[in-house]
Protein chains: 2
Amino acid sequence: MKQLSVYIVEDVKEVREGLRYLLSLDGEINVTAAFSSAEDLISDLSGGGRADVILMDIGLPGMDGIDATKIVKENYPEISVLILTIFGEHEKIIRAVKAGASGYVLKNTKPTQLSDQIKSIKAGGTPISPEAASKLFDEFKKDEKITLPGDEAGIYNLTAREKEILKSIANGYTYKEIADIFKISSATVKKHILHIYRKLDVSSKVEFMKKVINENLL
Amino acid sequence: MKQLSVYIVEDVKEVREGLRYLLSLDGEINVTAAFSSAEDLISDLSGGGRADVILMDIGLPGMDGIDATKIVKENYPEISVLILTIFGEHEKIIRAVKAGASGYVLKNTKPTQLSDQIKSIKAGGTPISPEAASKLFDEFKKDEKITLPGDEAGIYNLTAREKEILKSIANGYTYKEIADIFKISSATVKKHILHIYRKLDVSSKVEFMKKVINENLL
DNA sequence: GAATGGCTCCACCAATTGGTGTATGGATCA
DNA sequence: TGATCCATACACCAATTGGTGGAGCCATTC
């Protein structure tokens, strides 16, 4: 297995060197650089420096770890950023993950666990501790709402009209009520809905609602 | 590092033995037993058998992986359950995680990734693939809603029978189908549903579904 | 024992839904 | 210039749903 190239960004020298030492114990991990500020990191990356994973402290002097994460992910999306944090920094963690961080680990994580988590990022896993999971989940949901309806054709190739009808149905209106809203015949509404059913592969309002709500089609 | 003891629960022999072989390639993982049914697993645990991680298939004959997970977590909470699934089983995954699963991995995950994900569970991580993450997030949010406001007031004072009917309706069955399932008249089913509607303060299946799904009444 | 509440069932009704046709005008596209 | 898609609309039909009333049986509770 190829070695993982890891950068460390942490302002406190003792922590920085401690991390470097701890990670050096894992043969699969190679700490190729360590920086005491986000600015130094950015400057290295601009100069062609690369890493598989960046271990990023949040509380950095100058540019903080969140903004740094944003810049890294915007310019070098292939690099995974793992946020280093202390217990209780929920909100910062959320902002960091929204900025593109792949996950986070607590600073008091055991050495072996830290190695495993770094490796698991590249293996497709997302290390998240349960404590802050629900908050994180909320935020992700908000993101979804932004990204989903913005799409043009829609996931099921629904036409613009069909999307309108879909929303109305999901909001509990009957065919007749929807007909009044859009000033069309209820027969037309029904026609639209049957088309929607076909596209969503459902055949009743119950199935329809399950799909709409579970897949956040609103 | 101590070896991780892993159980496999998977009904298809080829898959089961394939997993056992793949995991045997990782020195830190020790597959101590493999079962073809949830019942066999439970019986082993009852007899004193233990594992650090259980790799659990969802689609098992007899007791399915979700119920099995529930039982395992209720009786042996220290055991982590990792759900083995195929792409697209969103709903089941959600239910499995709610049942206490530590995460899930897709069946087509690469061997090395699988090992890493198993190890990352015990390292505190939660292996979740991004595809279904947002859905999972939604569900967690819903859980929050339940535990916070829906306290002692009970779940709308529904009787045991009404809860059964509620589930069936939410699963898309018609009155008639439910009548067949419970061996009662469809008139009775309808009566129950009208009672449920009153208690939930709704008056159609669409409103009903919104409430059931959003407040996770299943 | 009477009252209450849960579960069962019946009849009857209006409204809604699911599904099938067919058809017309407009836009778009090959 | 056809062909196709979209939105509109109508007719007709079977099934399901939402709502009302009443009623019997059983267990628990007061």
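Computed from a predicted model, the values in this text were never measured in an experiment.

Calculation rules
Residues numbered from 1 in each chain as written. Chains lettered and ligands numbered in written order. Predicted model: local features only at pLDDT ≥ 70, side-chain atom pairs only at ≥ 80, totals over all residues. Helix = DSSP H or I, 4+ residues; strand = E, 2+ residues; numbered from the N terminus. Buried ≥ 20, exposed ≤ 12 C-beta atoms within 10 Å, placed from the backbone. Contact = placed C-beta atoms within 7 Å. Near = placed C-beta within 6 Å. Nonpolar A, V, L, I, M, F, W, Y, C, P; charged D, E, K, R; others polar. Pairing = 2+ DSSP bridges. Right-handed = clockwise from strand over helix to strand, strands pointing away. Arc of directions from axis to C-beta. pLDDT = per-residue confidence, 0-100. Expected span 1.5 Å × (residues − 1). Axes fitted to C-alpha atoms, helices over the stretch in contact; angles between N-to-C directions. Parallel < 35°, antiparallel > 145°, perpendicular 65-115°, else oblique.

1. Overview of the overall build of chain A
Here is step 1: Helix and strand content of chain A: 10 helices and five strands.
Here is step 2: In chain A, which comprises 218 residues, the proportion classed as buried is 34%.
Here is step 3: For chain A, restricting intrachain contacts to residue pairs at least 6 apart in sequence, the fraction spanning at least 24 positions comes to 61%.

2. Considerations on the protein's contact with DNA strand D
Here is step 1: Neighbouring DNA strand D are 20 residues, the closest being A:Thr159, A:Arg161, A:Ile184, A:Ser185 and A:Ala187.
Here is step 2: Elements with a minimum of two residues in the surface near DNA strand D: α7 (160-170) and α9 (186-200) of chain A together with α8 (175-182) and α9 (186-200) of chain B.
Here is step 3: The residue inventory of the surface near DNA strand D, partitioned by class, reads seven nonpolar, seven polar and six charged.

3. Thoughts on the pairing of strand β1 (residues 4-9) of chain B
All names here are of chain B.
Here is step 1: Burial runs high along β1: five of the six residues are buried.
Here is step 2: Sheet topology places β1 next to strand β2 (residues 29-35); six bridges connect them, and they run parallel. Across the sheet, residue Val6 finds its bridge partner in β2, namely Val31.
Here is step 3: For the crossover from β1 across helix α1 (residues 13-24) to β2, the handedness is right-handed.
Here is step 4: Sheet topology places β1 next to strand β3 (residues 53-57); four bridges connect them, and they run parallel. Bridging across to β3, Tyr7 finds its partner in Ile54.

4. Re the protein's contact with DNA strand C
Here is step 1: Around DNA strand C, a shell composed of 20 residues is seen, among which A:Ser203, B:Thr159, B:Arg161, B:Ile184 and B:Ser185 lie nearest.
Here is step 2: Elements represented by at least two residues in the surface near DNA strand C include exactly α8 (175-182) and α9 of chain A together with α7 (160-170) and α9 of chain B.
Here is step 3: Per element, the largest residue contribution to the surface near DNA strand C is four residues, and it comes from α9(A).
Here is step 4: Residue composition of the surface near DNA strand C, grouped by class: eight nonpolar, six polar and six charged.

5. Digging into helix α3 (residues 65-75) of chain B
Residues and elements named next belong to chain B.
Here is step 1: Of all the positions in α3, only Gly65, Ile66, Ala68, Thr69 and Val72 are classed as buried. What you see down the axis of α3 is that its buried residues fit within an arc of 160°, all on one side. The exposed set on the far side of α3, more than 90 degrees from its buried face, consists of Glu74 and Asn75.

6. Concerning the confidence of the model for chain A
Residue and element names in this part refer to chain A.
Here is step 1: In this model, chain A carries an average pLDDT of 72, and 66% of its residues clear a pLDDT of 70 or more.
Here is step 2: Helix α2 (residues 38-46) holds the highest mean pLDDT among the elements of chain A, 92, whereas helix α6 (residues 130-150) holds the lowest, 33.
Here is step 3: Note that pLDDT drops below 50 for residues 123-154; the model gives that stretch 59 contacts with residues more than four away or on any other chain.

7. Describing α9(B)
All names here are of chain B.
Here is step 1: For α9, which comprises 15 residues, the first-to-last C-alpha distance of 21 Å matches the rise-based estimate of 21 Å (1.5 Å per residue) to within 8%.
Here is step 2: When α9 is considered as a whole, its buried residues turn out to be Val189, His192 and Ile196. Along the axis of α9, the buried positions cluster into a sector of 65°, meaning they face one direction only. Within α9, the exposed residues directed more than 90 degrees away from the buried face are Ala187, Leu194 and Arg198.
Here is step 3: Buried residues in α9 make contact with α7 and α8.

8. Observations regarding unusual backbone geometry
Here is step 1: In this structure, A:Asp201 takes a positive phi of about 60° despite not being glycine.
Here is step 2: Its place among the elements puts A:Asp201 in the loop between α9 and α10 (205-214).
Here is step 3: Given 9 C-beta atoms within 10 Å, A:Asp201 falls into the exposed group.
Here is step 4: For B:Lys183, which is not glycine, the phi torsion reads 55° and is therefore positive.
Here is step 5: Looking at where B:Lys183 falls in the secondary structure, it is placed in the loop between α8 and α9.

9. A short note on the packing of α8(A) against α9(A)
Helices that pack against each other are described as a pair by the angle of their axes relative to one another and the distance between those axes.
Residues and elements named next belong to chain A.
Here is step 1: One can describe the packing of α8 onto α9 by two numbers: an axis separation of 8 Å at closest approach and a directional angle of 110°. Between α8 and α9, the angle falls in the class roughly perpendicular. In contact with Tyr175, Lys176, Ile178 and Ala179 of α8, α9 contributes Ser186, Val189 and Lys190.
Here is step 2: Its residues placed into classes, the contact of α8 with α9 shows four nonpolar, one polar and two charged.

10. Some thoughts on the packing of α7(A) against α9(A)
Residue and element names in this part refer to chain A.
Here is step 1: Taken N-terminus to C-terminus, the directions of α7 and α9 make an angle of 95°; their axes are 10 Å apart at the nearest point. Of the possible angle classes, the one that applies to α7 and α9 is roughly perpendicular. Contacts between α7 and α9 involve Arg161, Glu162, Ile165, Leu166 and Ile169 from the first element and Val189, His192, Ile193, His195 and Ile196 from the second.

11. Looking at the environment of A:Arg50
All names here are of chain A.
Here is step 1: Within the element layout of this structure, Arg50 appears in the loop between α2 and β3 (53-57).
Here is step 2: For Arg50, a count of 13 C-beta atoms within 10 Å puts it in the partly exposed group.
Here is step 3: The spacing of Arg50 and Tyr76 is 26 residues in sequence and 8.8 Å in space, taken between C-alpha atoms.

12. Things to note about the environment of B:Ile193
Residues and elements named next belong to chain B.
Here is step 1: Inspection of the secondary structure puts Ile193 in helix α9.
Here is step 2: Ile193 gets classed as partly exposed once you count the C-beta atoms within 10 Å, which come to 19.
Here is step 3: The sequence separation of Ile193 and Ser203 amounts to 10 residues, and the corresponding C-alpha distance is 9.8 Å.
Here is step 4: If we ignore the near neighbours within four places in the chain, the residues touching Ile193 are Ile165 and Ile169.

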